[in-house]
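Topology and contacts: notes
Listed below, chain by chain, are the residues.
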Amino acid sequence: MKKVAWSAGHGINTAGKRSPIGEREWSFNNSVVIAGMAFLANYDGVQQLRVDDPSGKTDIPLVNRTNQANAWKADIYVSSHHNAIGDEWGNHSGVETFVMEPASNNPLSLKLANHIHPKVVNAMQIRDRGVKSANFHELRETKMPAVLVEGGFMDSRTDSIKMQDAKVLIAQGEAIAKGIADYFELKIKPDSKPDVMDVKMVERAIVIGSLSDYPAAEILSIRLKAPIYPRHAITGKVASELIVVGASVNGLIADKLTKLSGSNRFETAANVAKYRI
Ligand SMILES: [Zn+2]
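What comes next is a walk through the structure.

Calculation criteria
- Residues numbered from 1 in each chain as written.
- Predicted model: local features only at pLDDT ≥ 70, side-chain atom pairs only at ≥ 80, totals over all residues.
- Helix = DSSP H or I, 4+ residues; strand = E, 2+ residues; numbered from the N terminus.
- Expected span 1.5 Å × (residues − 1).
- Buried ≥ 20, exposed ≤ 12 C-beta atoms within 10 Å, placed from the backbone.
- Contact = placed C-beta atoms within 7 Å.
- Pairing = 2+ DSSP bridges.
- Axes fitted to C-alpha atoms, helices over the stretch in contact; angles between N-to-C directions.

This paragraph deals with helix α6 (residues 166-184). Helix length check: α6, at 19 residues, gives a terminal C-alpha distance of 27 Å against a target of 27 Å (1.5 Å per residue), a fit within 8%. The buried fraction of α6 is high, at 16 of 19 residues. Just downstream of α6, E185 is the residue with a positive phi angle, here 55°.

This part takes up the environment of Y43. For Y43, the position within the fold is in the loop between α1 (25-40) and β2 (46-50). The class of Y43 is buried, set by 20 C-beta atoms lying within 10 Å. Residues Y43 and E185 lie 142 residues apart in sequence; the distance between their C-alpha atoms is 9.9 Å. The contact partners of Y43, leaving out residues within four places of it in the chain, are A181, L186, K187, I188 and K189.

What follows concerns the pairing of strand β6 (residues 146-153). Extensive coverage of β6 is indicated by the burial of eight of its eight residues. Where strand β4 (residues 95-100) and β6 come together, three bridges link them in antiparallel fashion. Residue pairing for β6: F98 is matched across the bridge by L148.

Once that is clear, we can look at the sheet that holds strand β8 (residues 228-230). Read from one edge to the other, the open sheet built from four strands follows the order β8-β7-β9-β10, with strand pairing classed as parallel. Strand pairing shows two members of the sheet lacking a second neighbour, β8 and β10 (256-259), which therefore form its edges. For this sheet, the mean inter-axis angle between neighbouring strands, taken without regard to orientation, is 30°. Here helix α7 (residues 214-224) sits on the sheet in contact with β7 (202-208), β8 and β9 (239-245), set at roughly 165° to β7.

Here the residue pair E101 and P102 is connected by a cis peptide bond, since its omega of -10° sits within 30 degrees of zero. With respect to the helices, strands and loops of the structure, P102 is situated in the loop between β4 and α3 (107-124). Phi at H10 takes a positive value of approximately 70°, unusual for a residue other than glycine. Secondary-structure assignment places H10 in the loop between β1 (2-8) and α1. Even without being a glycine, K73 presents a positive backbone phi close to 60°. Summarising the element assignment, K73 is placed in the loop between α2 (62-72) and β3 (76-83).

Right, let's talk about the sheet that holds strand β5 (residues 128-134) for a bit. If you trace the six strands from one edge of the open sheet to the other, you get β2-β1-β3-β6-β4-β5, paired in mixed fashion. Two strands close off the open sheet at either side, each with one partner strand: β2 and β5. Neighbour-to-neighbour, the strand axes of the sheet open up by a mean angle of 20°, direction not taken into account. With respect to the sheet, α3 is in contact with β3, β4, β5 and β6, its orientation differing from that of β4 by roughly 170°. The strands touched by α6 within the sheet are β1, β3 and β6, with β3 carrying the most contacts at an inclination of about 155°.

Structure, rendered in structure tokens:
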């Protein structure tokens with residue numbers, strides 16, 4: 001059994017770590033980790049653990065994350081992040097994947113990075129900044145091969161467009177999962193459907209079209225204790241009631257469909273605030 005520890009960098013309350021329009025880095029990282037874990041679950045012989053807070057409410061300190069992975073005896077550690085240079089839009093771009101420096105002392109981390117990195121570049125279709133080494137806590141304090149993927153720049157005019165598309169972040173998660181599967185030479189389960197996210201039937205779910213709808217959806221998600229599904233991931237009936245925040249209701253199947261999407265994100269946010277069950 002191969003044990004994979006995942007970390008979505010930061011939390012929703014972390015100071016800084018925002019795009020120029022206030023999107024949270026954790027929200028991007030979280031989408032990648034959710035998709036990555038869903039795809040990796042299609043393989044035999046793998047156990048997974050998330051070492052950040054999946055609700056995002058607490059920014060779990062890095063030392064707790066690496067201690068948890070070490071105590072669990074993870075075989076590898078994968079951390080998802082998105083880059084930023086500052087608070088203003090720029091034309092910089094690209095994916096970079098880090099291993100602990102010097103890379104020559106960490107051949108297994110490098111091997112893992114070399115499996116993951118090109119697939120992430122391909123999923124994001126942005127500049128390849130290469131596999132690099134750095135002295136980051138999550139890479140230094142983990143006792144197993146570890147990589148940190150910076151999947152794009154939140155303050156890049158080009159990368160941010162990709163990152164606002166839920167499909168692209170799902171593809172990034174899939175890319176990381178496939179890199180992990182290649183590294184371990186995992187075999188896909190015979191009955192798995194690796195192209196379809198494992199969306200479970202629930203009483204009530206919230207649907208978003210892109211990550212720019214995430215802040216509004218998140219408030220509702222916490223209030224209603226309902227999961228948030230990207231529109232792209234939904235096929236067939238996944239809930240009795242769907243509350244649609246910032247996506248078209250066309251083609252969605254549910255006993256009750258509630259549309260809160262406005263003509264822009266401010267109207268959507270106002271609709272969400274007014275909404276009562
Ligand atoms: Zn980060």
